[in-house]
Amino acid sequence: MAVAIETPFHVLAVDDSLPDRKLIERLLKTSSFQVTTVDSGSKALEFLGLHGHEDSPISVQADQQEAAVNLIITDYCMPGMTGYDLLKKIKESSYLRDIPVVIMSSENIPSRINRCLEEGADEFFLKPVRLSDMSKLKPHILKSRCKEQYQQEQHLQSNSESSNSSNPTNENSSSTCSNSHKRKANDDEILPHATRPKHS
Amino acid sequence: MEYSNLRRQTIFMKKNLFDQGYLDEQFNQLEELQDESSPNFVEEVAALFFKDSSRLLTNIEQAIDKYPQDFYRLDSLMHQLKGSGSSIGALRMKNECSVFKANCNDRNLEGCRRSLQKMKREHATLKQKLESYFQLLRQVGPSEYAVSSRK
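First things first, this report covers the structure right here in the doc.

Calculation notes
- Residues numbered from 1 in each chain as written.
- Chains lettered and ligands numbered in written order.
- Predicted model: local features only at pLDDT ≥ 70, side-chain atom pairs only at ≥ 80, totals over all residues.
- Heavy atoms only, no water.
- Helix = DSSP H or I, 4+ residues; strand = E, 2+ residues; numbered from the N terminus.
- Buried < 20%, exposed > 50% of the residue type's maximum accessible area, 1.4 Å probe, protein only.
- Contact = heavy atoms within 4.5 Å.
- Areas by Shrake-Rupley, 256 points an atom, 1.4 Å probe, with all protein chains shown as cover.
- Axes fitted to C-alpha atoms, helices over the stretch in contact; angles between N-to-C directions.
- Parallel < 35°, antiparallel > 145°, perpendicular 65-115°, else oblique.
- Left-handed = near helix turned anticlockwise from the far one by under 90°.
- Nonpolar A, V, L, I, M, F, W, Y, C, P; charged D, E, K, R; others polar.
- Phe/Tyr/Trp six-rings, centres within 6.5 Å; stacked < 30°, edge-to-face > 60°.
- Lys NZ or Arg CZ within 6 Å of the ring centre and 35° of its normal.
- Core = buried A, V, L, I, M, F, W, Y, C linked by side-chain atoms within 4.5 Å.
- Pairing = 2+ DSSP bridges.
- Salt bridge = Lys/Arg side-chain N within 4 Å of Asp/Glu carboxyl O.
- 1 Å grid on protein atoms, 1.4 Å probe; cavity = no way out; pocket = protein on both sides within 12 Å on 5 of 7 lines; lining within 4 Å.
- Points joined across faces, edges and corners; volume = space filled by probe spheres on them.

Okay, the overall build of chain A next. Along chain A, the regular secondary structure elements total seven helices and five strands. Listing the helices and strands of chain A from first to last along the sequence gives β-α-β-α-β-α-β-α-β-α-α-α. When burial is assessed residue by residue, chain A has 46% of its 200 residues classed as buried. Pairs at least 24 residues apart make up 68% of the contacts formed inside chain A by residues separated by at least 6 positions. Surface summary for chain A: the accessible area is close to 10400 Å², and the carbon and sulfur share equals 50%.

Let us look at the packing of helix α3 (residues 41-64) of chain B against helix α4 (residues 71-88) of chain B. Residue and element names in this part refer to chain B. For the pair α3 and α4, the least separation of the axes is 10 Å and the interaxial angle reads 165°. It follows from the interaxial angle that α3 and α4 lie roughly antiparallel. Judged by the twist between their axes, the crossing of α3 over α4 is left-handed. Within the contact between the two elements, α3 uses V45, F49, D52, S53, R55, L56, L57, N59, I60, A63 and I64 and α4 uses R73, L74, L77, M78, Q80, L81, S84, G85 and I88. Partitioned by chemical class, the residues of the contact of α3 with α4 number 12 nonpolar, five polar and three charged.

So, on to the packing of aromatic side chains. Tallied over the full model, the rule gives three aromatic pairs over all chains. When the ring of Y133(B) is compared with that of F134(B), the centres are 5.9 Å apart and the planes differ by 50°; the resulting orientation is tilted. Taken together through their ring pairs, the aromatic side chains of F27(B), Y133(B) and F134(B) make up a single cluster. One Lys or Arg, R115(A), reaches over the ring of Y84(A) and ends 3.9 Å from the middle of that ring.

Another aspect to go through is the nonpolar core. In this structure, I24(A), L28(A), I73(A), L81(B), F100(B) and L130(B) are the most contacted members of the largest nonpolar core, which totals 54 residues. It is α3(B) that contributes the most residues to this core, 11 residues altogether. Apart from the residues lying within four places of it in its own chain, the contact partners of L130(B) are L17(B), L23(B), F27(B) and F50(B). Of all hydrophobic cores here, the second largest spans 25 residues; its members include V38(A), L86(A), Y95(A) and I103(A).

A few words now on the sheet that holds strand β2 (residues 34-38) of chain A. Residues and elements named next belong to chain A. Across the sheet, five strands lie side by side as β2-β1-β3-β4-β5; this open sheet has parallel pairing. Each having just a single partner strand, β2 and β5 (123-126) make up the two edges of the open sheet. Here the average twist between neighbouring strands, direction ignored, is 20°. Inspection of the sheet shows strand β3 (residues 71-75) paired to strand β4 (residues 101-105) by four bridges, in the parallel sense. By the bridge assignment for β4, I73 is matched with V102. In this fold helix α1 (residues 18-30) packs onto β1 (10-14), β2, β3 and β4, with an angle of close to 170° to the strand it touches most, β2. Against the sheet, helix α4 (residues 110-118) touches β4 and β5, its axis set at about 150° to β5.

Our focus in this paragraph is the pattern of salt bridges. Taken as a whole and judged by the stated rule, the model has 21 salt bridges over all chains. Across the pair K22(A) and E44(B) runs a salt bridge, and its minimum N-O distance is 2.7 Å. Of this pair, K22(A) sits in helix α1 while E44(B) sits in helix α3, on two different chains. Note on E44(B): relative accessible area 34%, which makes it partly exposed. A cluster of three or more residues bridged by salt bridges with shared partners is formed by D15(A), D20(A), D75(A) and K127(A).

Further remarks concern the layout of surface pockets. Taken as a whole, the largest pocket encloses approximately 540 Å³ of empty space. Taken together, 27 residues make up the lining of the largest pocket; nearest its centre are C77(A), M78(A), S76(B), H79(B) and Q80(B). Mapped by element, the contributors of at least two residues to the lining of the largest pocket are β4 of chain A together with α3 and α4 of chain B. The leading source of residues in the lining of the largest pocket is α4(B), at nine residues. Along the lines of polarity and charge, the residues of the lining of the largest pocket split into seven nonpolar, nine polar and 11 charged.

Quick look at the structure:
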């Protein structure tokens, strides 16, 4: 029996509409993502570990480490906190800003699309979202992991110039961007949103 | 064979729904997402849609009778209905939403009322037709449905 050795990427989907949530969940699961759906921006932030206006990792509960999110996909038009507001909060958080964000909207309004992309959204999907749109998600996840790995390596190099870096996962990956998301986080680094979910 | 006759009926029923403009391509997209791991997906989404849309229609009806009229709120409610309607491929409903929204824009209360009545009729008709369709599909059986939906 074939065993998947890679943990599926985890997507957090945010939409206030119940049928739309069901649809996006199905689209994502069909595309081999692990999915969590929430019905509001504030619940999304709660799930991501942001409480109120805190953006310190210290506010994250221990069990939030299990819920590492690799991508957030959110509806634009939602009561209370819009998808744009949610995007802003994510990008303002040093802890969450590297998670790719995709915005969905039923309206094709260029100024809206531009505004979202300028604020840091990685992609904009017109609703109804289709299965073919799902293939656009993984590249953003991988890109953000590459960037993160690069930043981590830069940090390592500047931190420990004289000491030997004996972490085996770094040896081969200094010039290549590893596709694997089983990379270990170093002890002195907190990379909550990249932590591999614990599996037995 | 009784079975293939049933199957032909489902194909015919679905074709009618498309030809008469009740459904659009998005409904096919939903059927493509249905498989052994989610064998009742389309019916489930449709059920959620009708639950959601019934609630919205009730809210719109209440809002339309309030004075002074809040066209912004009416438009916003109908916008939600339009969104979820387009997610399941409810073409006629989606189009009527646009008519309603145009009336909101013109602050045409009478137009809004007429449009709402039309919307309720479309809603009821689509619900009934889809219920018949799903019922027939259940008689045909899941595996054959999965095959026929790929046409």
